[in-house]
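Chain by chain, the residues run as shown.
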Amino acid sequence: MSKPRNVAVMGTGTMGPGMGAVLARAGMNVRLYDTRSEAIEAAKGMYEVAWGVLDKLETPDQGGGSVSYATDVAEALDGVDAVVEAVPEKLELKKQVFAEYEQHVGPEVLLASNTSGIPITKIAEDLEHPERVVGTHWSNPPHLIPMIEVIPGEKTSQSTIDAAVEMIEAVGYVPSRLKKEVPGFVENRILYAIMRECLALVDAGVVDLDELDTNVKWGIGYKLAVIPPMQLLDMAGLDIYSAVAGYLNQDLSTEKGLSTTISDLVAQGRLGMKTKGGIFDYTDEQIAELRAQRFGGLVKVRKALSS
């Protein structure tokens, strides 16, 4: 399969508009689909914001790309070469929509899921052609994070994996190929392991929230952005790692449940920025300022890492 010319992005929530902008920038004709007209109207604004961020990143516009919007499944899927699903993270919903997609496209059309952790095998298990289903897990925000995990199901064909990789490389992103699927894939398993240890330290009264963020941002995040884990092991020395891990690993958190810090806040209805309060408190002005600041920071870091 060559680079897809026509791509349907099915779902315009948090991820869809940014994904659509990246694909259109690479010269693809994108159809953004949602069931609700109000979601489509919101997506139009989010798409323009994402396109503006790509301008700031100086991402080349390969020309020939376009975006259109649809609330009818058949219209969205008519004549497409690839489908990228971005509906909410519910297995039964994903199985339902993939079965619907299969009724509207030919057996050669790539069906990709943006799931962040649901096994591809389960999503595809009832389909007539499970071999053309693959996971392509974009990171949020998708127009800023240039890495996409490629996850095969048990029946995913090599040609499907190759087609997904080709699509990712066509937009100038880096594919991270998994050899097999595990819950949460790679990115989220590592992220949630970090979050678990952070919250365990807070729950145990070892460190305050602000101090923990400072420690991770500058002591770990800054370094890992330049020297990733496997390279860092070689740089530090495998003998040093072995000595420290030998006593430290047995003391790290193995918590199987939720942090009390998080569960207590959720019980209070404090869910984060969406409720103007979670671990920290926010005003509308602070939320707008933080979002702009963080997007600007991610743009600068991506440019630096790409140079």
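Owing to the predicted nature of the structure, the values given are computational and were not obtained by experimental measurement.

Turning next to the packing of aromatic side chains. All chains considered together, the criterion is met by four aromatic pairs. Between W218 and Y222 the ring centres are 5.5 Å apart and the planes differ by 65°, which places this aromatic pair in the edge-to-face class. One end of the pair, W218, and the other, Y222, are both in helix α8 (residues 209–226), four residues apart, so they sit about a helical turn from each other. A single burial state applies to W218 and to Y222, both of which are exposed. In this structure, R25 is placed above the aromatic ring of W51, and the distance from its NZ or CZ to the ring centre is 4.6 Å. Cation over ring: K44 sits above Y69, and NZ or CZ is 5.5 Å from the ring centre.

Another aspect to go through is the sheet that holds strand β7 (residues 147–152). One open sheet holds the eight strands; their spatial order is β3-β2-β1-β4-β5-β6-β7-β8, and the pairing between them is mixed. Unpaired on one side and paired on the other, β3 (66–70) and β8 (174–177) mark the two borders of the sheet. The average angle at which neighbouring strand axes cross in this sheet is 25°, direction not considered. As paired strands, strand β4 (residues 82–85) and strand β5 (residues 110–113) are joined by four bridges and run parallel to one another. Paired with A82 across the two strands is L110, which belongs to β5. Across the face of the sheet, helix α2 (residues 37–56) comes into contact with β2 (29–33) and β3 while running at roughly 165° to β3.

Turning next to helix α12 (residues 284–306). End to end, α12 covers 33 Å across 23 residues, agreeing with the expected 33 Å (1.5 Å per residue, within 8%). Listed as buried for α12 are I287, V299 and R302. The secondary structure elements touched by the buried residues of α12 are α2.

This part takes up the pairing of β5. Where burial is concerned, the two faces of β5 agree: the one with L110 and A112 and the one with L111 and S113 are both buried. At this point the chain moves from β4, through helix α4 (residues 91–102), to the parallel β5, and the crossover so formed is right-handed.

Here the focus is the packing of helix α7 (residues 187–203) against helix α11 (residues 260–267). Between α7 and α11, whose axes approach to 8 Å, the crossing angle comes to 85°. With respect to α11, the element α7 is oriented roughly perpendicular. Touching L199, V202 and D203 of α7 are T260, T261 and I262, all from α11. Class assignment for the residues of the contact of α7 with α11 results in three nonpolar, two polar and one charged.

Right, let's talk about the nonpolar core for a bit. One finds L23, M28, W138, V150, M167, V171 and Y173 to be the most contacted residues of the largest nonpolar core, which totals 36 residues. The element that contributes the greatest number of residues to this core is helix α6 (residues 158–170), accounting for six residues. Residues Y33, V109, L111 and V133 belong to the second largest nonpolar core, which totals 25 residues.

We now examine the pattern of salt bridges. Within this structure, the stated rule accounts for twelve salt bridges. Between R36 and E38 there is a salt bridge; the shortest N-O distance is 3.5 Å. What makes R36 partly exposed here is its relative accessible area of 42%. Note that R177 and E169 form a salt bridge whose closest N and O atoms lie 3.8 Å from each other. Under the relative-accessibility criterion, E169 is labelled partly exposed at 47%. Taken together, the salt bridges that share partners define one network made up of E85, E89 and K94.

Reading the values: rules and limits
Residues numbered from 1 in each chain as written. Predicted model: local features only at pLDDT ≥ 70, side-chain atom pairs only at ≥ 80, totals over all residues. Heavy atoms only, no water. Phe/Tyr/Trp six-rings, centres within 6.5 Å; stacked < 30°, edge-to-face > 60°. Helix = DSSP H or I, 4+ residues; strand = E, 2+ residues; numbered from the N terminus. Buried < 20%, exposed > 50% of the residue type's maximum accessible area, 1.4 Å probe, protein only. Lys NZ or Arg CZ within 6 Å of the ring centre and 35° of its normal. Pairing = 2+ DSSP bridges. Axes fitted to C-alpha atoms, helices over the stretch in contact; angles between N-to-C directions. Contact = heavy atoms within 4.5 Å. Expected span 1.5 Å × (residues − 1). Right-handed = clockwise from strand over helix to strand, strands pointing away. Parallel < 35°, antiparallel > 145°, perpendicular 65-115°, else oblique. Nonpolar A, V, L, I, M, F, W, Y, C, P; charged D, E, K, R; others polar. Core = buried A, V, L, I, M, F, W, Y, C linked by side-chain atoms within 4.5 Å. Salt bridge = Lys/Arg side-chain N within 4 Å of Asp/Glu carboxyl O.

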